[in-house]
Every structure is written in C-alpha cells, then in structure tokens.
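Spelled out from the first residue to the last, the chains are:
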Amino acid sequence: GSDRKSRSRTPSYLTFDEIGGQDRAKRELQEALDFLIRYDDIQRLGIRPLKGILLTGPPGTGKTLMAKAAAHYTNSVFMAASGSEFVEMYVGVGASRVRDLFKEARAQAVKENKNSAIVFIDEIDVIGGKRDGGQHREYDQTLNQLLTEMDGIHTAETPRVLIMAATNRKEMLDPALLRPGRFDRHIEVDLPDKKGRMHILNIHAKNKPLAPDASLESIAQETFHFSGAQLESVMNEAAIYAMRDDSALIQQRHLSLAVDKVMLGEKTDRESTK
Ligand code: ATP
C-alpha cells in the first residue's frame, strides 16, 4: 500500500553514534557488514558471502535503527517493509509484494548510483513462521518467494542486496530461513543495561533544555527493564510535563512523573491485551 511506499523511501541518515548502548550488537553488526564493504577480499579468500542478518530482541530496542545505521555505514540504499504488510486476503499477493520490494531496492540503488541495497523486513516471523502442513498457504507462498529471492542473490553482481530482518520471536522462525546462505548471522539486540540507558537518555536529551536539578543518572538508575523506545518516551513526556507547568526547563520532577507515566502506560497496555 501507499504506507509501505512512503516509509521505504524515507532516506536514512542515521549513524551508529545515534544508537545508545548496544555496544556488542553494534560491533557484531559492523563486523558482519564488512563482508559487504570488503567484497573483493571476501571473494579472494573464498569466503561464503553474507546474504542475511537477523536481529533479535524485545520490541523497541533499536533494531530498526540498527538496520538504518547499517545502510549508512555501507553506503547502501535502505528499503523497509514489515512482515504484516505481506499478509493479504488473496493468495499470491504477498509473494508478488516480496518480488516488488527486491526489484524496487535494486532499481533505487542503480538510480542513486550505489553498489548495494539493504532490504529490512521487520516482524519477519509474520511471514517466516514455521510452516505447518499447508494450513497457511498464503504465508507459505510469501515465505517461498523470500527464500527464492535470497537464493537468487548473486553477490558478484552489483547492486548487491543484503537482507536484514528483525523479530522478537526467533524460536518461531521456519528453520529454512536460518540455514547457511540465508539468515546465517544472528545479532541479539537486548534491553539496555544502566550504562546503555544513560547513553540513550543522553541522545534523546540533546535537543531538550534540562534544569540543573535534572539528573539523567538517577533516571537511568530507576528505569530497569525499559527499552530504548520507552526511554525516548520518558524524555518526550518529561518535556510535555514541563510545558504544562509553564517551565522553561525540564526539572527532575518532570522526569520522575514521566517515568511513572511510561511505566503505568505499559501496565495498562498489557492488562488490556489480556
Ligand atoms: P520493534 O521491534 O517494536 O520494531 P525496534 O527494536 O525496531 O522495535 P526501533 O524502531 O529501532 O525499535 O526504536 C523505536 C524508537 O525508540 C527509535 O526511533 C528511537 O527513538 C528509540 N530507541 C530505541 N532504541 C534506541 C537506542 N538504542 N538508542 C536510541 N534510541 C532508541
């Protein structure tokens, strides 16, 4: 639909510096991406080229940011789609959308004169779930098309295509996706530790005026188990509280209220889905 089109054309100027925490994941990802950058060496040494990278981990931890930063790092075109966009009433539509996505990625790379494209598929489990004896025929065709695309990637040809996918349910994936030559590199993007939370809060505080009493350190301390997306919300909500208070600066109590709000919001979300 038009939604996918508009989102997949979003240019990506994100760098790894704009992702807080995730030091290990970033390092592993950069190492994997060197396969794309150092293609000549890969070939000379007879190393099997990399076709797919799977990012796993809880929602809101920065998997999409990682994929965008990967595109920037490798000077690739970035195309994004979500697994749920391929689920259609009519058999075959999902498969042809997969085909179109790859075609579009290649065309865009040619147009922008780039050597590579990164196709990012969020919620890959929606189309890549375990196949169960023909019950979900539509998903099967979509998944088969994805596997066909992956097998058909000839990395010697430019533009080279690298597929990145994200899921928070890796155990649900069809084993066919995880075989060598498919998504054979897995990177875990976990909830941030305290240092990571501090880093993420700092990133999202950059454009915000903090009062001298505001301590991001204490907020990082009390936000155990928060994701990056939740920490971004905390900073945003705190700014809203400051505005309501007609305060020019974001004070510590605005931050504390925001932590409570985000924590509570999550709870009611969880209860309402029970
Ligand atoms: P989902 O699994 O729900 O798709 P995700 O892991 O892809 O989530 P993102 O979409 O990358 O998460 O993150 C959502 C938003 O949360 C980002 O746009 C950013 O504002 C914030 N965010 C998440 N993680 C980080 C991080 N590590 N550093 C900075 N900001 C982050």
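Fair warning: this is a prediction, and the values are worked out from it, not measured in the lab.

### With respect to the overall build of the protein chain
Helices and strands together make up the secondary structure of the protein chain, namely 12 helices and five strands. Burial statistics for the protein chain: of 274 residues in total, 46% are counted as buried. Sequence-distant contacts in the protein chain: of pairs separated by 6 or more residues, those separated by 24 or more amount to 79%. Roughly 14100 Å² of accessible area belongs to the protein chain as shown, and the carbon and sulfur atoms make up 51% of that amount.

### Regarding helix α11 (residues 228-244)
For an α-helix the count is 3.6 residues per turn, leaving residues at separations of three or four pointing the same way. With 17 residues, α11 extends 25 Å from end C-alpha to end C-alpha; this agrees with the ideal 24 Å at 1.5 Å per step. For α11, the full list of buried residues reads G228, Q230, L231, V234, M235, E237, A238, Y241 and A242. D246, located one to two residues past α11, shows a positive phi value of around 55°.

### Side note on the packing of helix α9 (residues 194-205) against α11
The geometry of α9 relative to α11 is characterised by a closest axis approach of 9 Å and an angle of 45° between their N-to-C directions. Relative to α11, α9 is oriented oblique. Once α9 is placed against α11, the crossing between them reads as right-handed. For the pair α9 and α11, contact is made by R197, I200, L201, H204 and A205 and by G228, L231, E232 and M235, respectively. Looking at the contact of α9 with α11, its residues break down into five nonpolar, two polar and two charged.

### Some details on the site of the ligand
Taken together, 17 residues lie near the ligand, and G20, G60, K63, T64 and H204 sit nearest. In the environment of the ligand, an oxygen atom lies 2.9 Å from a nitrogen or oxygen atom belonging to the backbone of K63. H204 places a polar side-chain atom, nitrogen or oxygen, 2.9 Å from a nitrogen atom of the ligand. When the ligand is considered free in solution it has 630 Å² of accessible area, and contact with the protein chains removes 79% of it. Elements with a minimum of two residues in the shell around the ligand: α4 (63-73), α9 and α11. Of the residues that constitute the shell around the ligand, the class distribution is five nonpolar, eight polar and four charged.

### Overview of the side chain of Q145
Mapped onto the elements of the fold, Q145 is located in helix α7 (residues 137-152). Sequence-distant contacts of Q145, that is, excluding residues within four places in its chain, are made with A95, V98 and R99.

### A closer look at empty space enclosed by the protein
This structure, assessed with the given rule, holds one cavity of 30 Å³ or more. The computed volume of the largest cavity comes to approximately 70 Å³. Taken together, 11 residues form the lining of the largest cavity, with F35, L36, Y39, P49 and L50 sitting closest to its centre. For the lining of the largest cavity, the elements supplying multiple residues, two or more each, are α2 (23-37), α3 (39-44) and β4 (160-167). The biggest single contributor to the lining of the largest cavity is α2, with four residues.

Rules and cut-offs
Residues numbered from 1 in each chain as written. Predicted model: local features only at pLDDT ≥ 70, side-chain atom pairs only at ≥ 80, totals over all residues. Heavy atoms only, no water. Helix = DSSP H or I, 4+ residues; strand = E, 2+ residues; numbered from the N terminus. Buried < 20%, exposed > 50% of the residue type's maximum accessible area, 1.4 Å probe, protein only. Contact = heavy atoms within 4.5 Å. Areas by Shrake-Rupley, 256 points an atom, 1.4 Å probe, with all protein chains shown as cover. Expected span 1.5 Å × (residues − 1). Axes fitted to C-alpha atoms, helices over the stretch in contact; angles between N-to-C directions. Parallel < 35°, antiparallel > 145°, perpendicular 65-115°, else oblique. Left-handed = near helix turned anticlockwise from the far one by under 90°. Nonpolar A, V, L, I, M, F, W, Y, C, P; charged D, E, K, R; others polar. Near = heavy atom within 4 Å. Polar contact = N/O pair within 3.5 Å; in protein donor to acceptor, adjacent residues only side chain to side chain. 1 Å grid on protein atoms, 1.4 Å probe; cavity = no way out; pocket = protein on both sides within 12 Å on 5 of 7 lines; lining within 4 Å. Points joined across faces, edges and corners; volume = space filled by probe spheres on them.

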